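# Analysis of the macromolecular model
Read off the chains here:
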Amino acid sequence: MVLQESGEMYLETILVLSKKSKYVRAIDVGEEMGFSRPSVSRAVHLLEEGGFIVIAPDGGLSLTDAGLEIAEKIYERHTVLSQWLMSLGVDESTATEDACKIEHDLSDRSFAAIKKHIKKQKR
């Protein structure tokens, strides 16, 4: 199953929430993302069917290895791109918002080049 941007966002949100609390529920994801319960419920079940998350009997959500791999990739992109934009003088709010837009469409090759450039600048 190929994930669309929204699926990646859900996985990233589950990852971020799981860093704050060991127990993540669909309602937590919905509150964090600002989505309705029906939208979150549908997305969560699609992610489960795709093998990206597991829904425990008590409703807790956890990432599978496949889900974790995607979530970590998107989270790294978000973090690196946000920091990079802020280093260019973009305010934090705008940088974070723009990074969220860029992170899903940027090629692996371009992202690697950005990371390489950042490392050069830090030397």
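Refer to the preceding data block for the structure.
The paragraphs below set out a description of the structure included in this document. (Residues numbered from 1 in each chain as written. Predicted model: local features only at pLDDT ≥ 70, side-chain atom pairs only at ≥ 80, totals over all residues. Heavy atoms only, no water.)

## Here we look at the packing of helix H1 (residues 5–20) against helix H4 (residues 65–87)
Describing two packed helices takes the angle between their axes plus the distance from one axis to the other. The interhelical angle for the contact between H1 and H4, taken along N-to-C directions, is 85°, at an axis separation of 8 Å. In terms of their interaxial angle, H1 and H4 are classed as roughly perpendicular. Counting all contacts with H1, which are made through Glu 8, Leu 11, Glu 12, Leu 15, Val 16 and Lys 19, the residues of H4 involved are Gly 67, Leu 68, Ile 70, Ala 71, Glu 72, Ile 74, Tyr 75 and His 78. (Axes fitted to C-alpha atoms, helices over the stretch in contact; angles between N-to-C directions. Helix = DSSP H or I, 4+ residues; strand = E, 2+ residues; numbered from the N terminus. Parallel < 35°, antiparallel > 145°, perpendicular 65-115°, else oblique. Contact = heavy atoms within 4.5 Å.)

## Overview of the nonpolar core
Note on soluble globular proteins: their nonpolar side chains tend to be buried together. Tyr 10, Leu 11, Val 29, Leu 47, Ile 53 and Leu 63 are the most contacted members of the largest nonpolar core, which totals 19 residues. Mapped onto this core, the elements with two or more residues apiece are H1, helix H2 (26–33), helix H3 (37–49) and strand E2 (61–63). In terms of residue count, H1 provides more of this core than any other element does, six residues in total. For Val 29, the residues in contact, after removing those within four places along its chain, are Tyr 10, Thr 13, Ile 14, Leu 17, Val 24, Val 40 and Leu 61. (Core = buried A, V, L, I, M, F, W, Y, C linked by side-chain atoms within 4.5 Å. Buried < 20%, exposed > 50% of the residue type's maximum accessible area, 1.4 Å probe, protein only.)

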